[in-house]
Amino acid sequence: MRTGIKRYAALLLPLVLLVVMTLLHRQEEQPAGGYLLYFLSDLEQSGGGDALMGVDMDLELPEGASAVEKAAAIIQHLIAGVGGQGSPFPEGTELQSISIRGQRAYVDFNARYASLTGIDLSLADYCVTLSLTQLEEISAVSITANGREITYRDNQVLMEGDVLLSNMEDVIESVAAVLYFVNEQGELASENRVLELYEGDTLAEELLSALLEGPQEQDRYPIIPEEFVITAVWVEDRTCYLSLPQQSIDSLPEKTVWQERILESIAYSIYDSIDTVDEIRILVGGKEVTDFGKVPVESVSIRPDEAVT
């Protein structure tokens, strides 16, 4: 699950406290002209200020604009960021649709939003929820990606008050994992990693997120295309299911050998890191497939007798 924002892994508890401080000050931040939109702060440059920053912005809409038009403009500003920075969303995130029914806003992004996990997902949800609930017509927000709920989010209906209460008791756990990238010769090469898991995270989610983010060692190189995303991953009855959008399959390189390397890097990372998985199945657009591009899924569908390492 590719993430376009640097993870705040080791800073989870401080970040949660900073988000709370941001919200406690929200009543004091009355926008002078437009609306107070919430973006990610640069914690390194600010020396540890609020995790989110409220920015007074003019939506630049004509007088009499509808609530839906205002909401859409707010989301587009969040996507663009402030001066091109501070957006809570991965690069390539697009707004597909937005509507308001009752007092709830329904926001649908493309698959890039579904690549967010853990604290990155929480902060993005915070930014959307806090920014949209300023509109008197909106008191709750539902966020989907390609029309689907994000399965690893605890709550699918978000309200301003929920932000104060969410993720306050997250528990960290460190798990050893093995990720597969390629070396200078284009061969698969392992990289040992320690993954940080928080309450609500799963090892499968964090493993695939780390794999898609790329290697940390200098002699390892990414093999998976930037456009490749995984919308969901879960383990059930010793089977790991990977749900992909069609765009991920379309992003694969044309050469079969490289498609094979990508599939193997995913499969071997799972098998060598999660001992409760004996089989892998891949879904594209919600339907199980037998081929990964030109490569049969069955080539990696069963755990090998011996570890690749």
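See the structure above.
Residues numbered from 1 in each chain as written. Predicted model: local features only at pLDDT ≥ 70, side-chain atom pairs only at ≥ 80, totals over all residues. Heavy atoms only, no water.

**Side note on the packing of helix H3 (residues 67-80) against helix H4 (residues 118-132)**
Inference 1: Taken N-terminus to C-terminus, the directions of H3 and H4 make an angle of 145°; their axes are 10 Å apart at the nearest point. For the element pair H3 and H4, the recorded crossing hand is right-handed. Seen from H3, the contacting residues are Ala71, Ile74, Ile75 and Leu78; seen from H4, they are Cys127, Val128, Ser131 and Leu132. (Axes fitted to C-alpha atoms, helices over the stretch in contact; angles between N-to-C directions. Helix = DSSP H or I, 4+ residues; strand = E, 2+ residues; numbered from the N terminus. Left-handed = near helix turned anticlockwise from the far one by under 90°. Contact = heavy atoms within 4.5 Å.)

**Section: the nonpolar core**
Inference 1: Core analysis: the largest hydrophobic core is formed by 42 residues, its most contacted members being Ile270 and Phe292.
Inference 2: Of all the secondary structure elements, the ones that give two or more residues to this core are strand E8 (173-182), strand E9 (188-197), helix H6 (203-213), strand E11 (239-244), helix H8 (256-273) and strand E12 (279-284).
Inference 3: Not counting the four nearest positions on each side in its chain, phenylalanine 292 is found in contact with Phe228, Leu244, Ile249, Leu252, Gln259, Ile262, Leu263, Ile282 and Val297.
Inference 4: In terms of nonpolar packing, the next biggest core, distinct from the first, is built from 30 residues, Val55, Leu59, Leu95 and Ile98 among them. (Core = buried A, V, L, I, M, F, W, Y, C linked by side-chain atoms within 4.5 Å. Buried < 20%, exposed > 50% of the residue type's maximum accessible area, 1.4 Å probe, protein only.)

**A look at the packing of aromatic side chains**
Inference 1: This model, assessed by the stated rule, comprises six aromatic pairs.
Inference 2: Note on phenylalanine 109 and tyrosine 113: the rings are 4.6 Å apart at their centroids and 5° apart in plane angle, and the pair reads as stacked. In this structure, phenylalanine 109 and tyrosine 113 share a single accessibility class: buried.
Inference 3: An aromatic cluster is defined as three or more aromatic residues linked by ring pairs; in this entry it consists of Phe89, Phe109 and Tyr113.
Inference 4: A cation over a ring is seen here: arginine 101 above tyrosine 106, with NZ or CZ 3.8 Å from the ring centre. (Phe/Tyr/Trp six-rings, centres within 6.5 Å; stacked < 30°, edge-to-face > 60°. Lys NZ or Arg CZ within 6 Å of the ring centre and 35° of its normal.)

**Looking at the pairing of strand E1 (residues 35-40)**
Inference 1: Judged by how many residues are buried, E1 sits mostly within the fold: five of six residues are covered.
Inference 2: In this structure, E1 lies alongside strand E2 (residues 52-57), joined through six bridges in antiparallel fashion. For leucine 40, the partnering residue across the bridge sits in E2 and is leucine 52. (Pairing = 2+ DSSP bridges.)

**Details of the environment of isoleucine 223**
Inference 1: Residue position: isoleucine 223 is located in the loop between H6 and strand E10 (232-236).
Inference 2: With relative accessibility at 12%, the residue isoleucine 223 sits in the buried group.
Inference 3: Sequence separation between isoleucine 223 and tryptophan 258 is 35 residues, and the spatial gap between their C-alpha atoms is 8.0 Å.
Inference 4: The contact partners of isoleucine 223, leaving out residues within four places of it in the chain, are Val182, Trp258, Arg261, Ile262 and Ser265.

**Some points on the side chain of serine 265**
Inference 1: For serine 265, the location among the structural elements is in helix H8.
Inference 2: Engagement of the side chain of serine 265 in a polar contact is seen with the backbone oxygen of isoleucine 262, the distance being 2.7 Å.
Inference 3: Contacts of serine 265, omitting those with residues within four sequence positions, involve Tyr180, Leu188, Leu211, Ile223 and Ile224. (Polar contact = N/O pair within 3.5 Å; in protein donor to acceptor, adjacent residues only side chain to side chain.)

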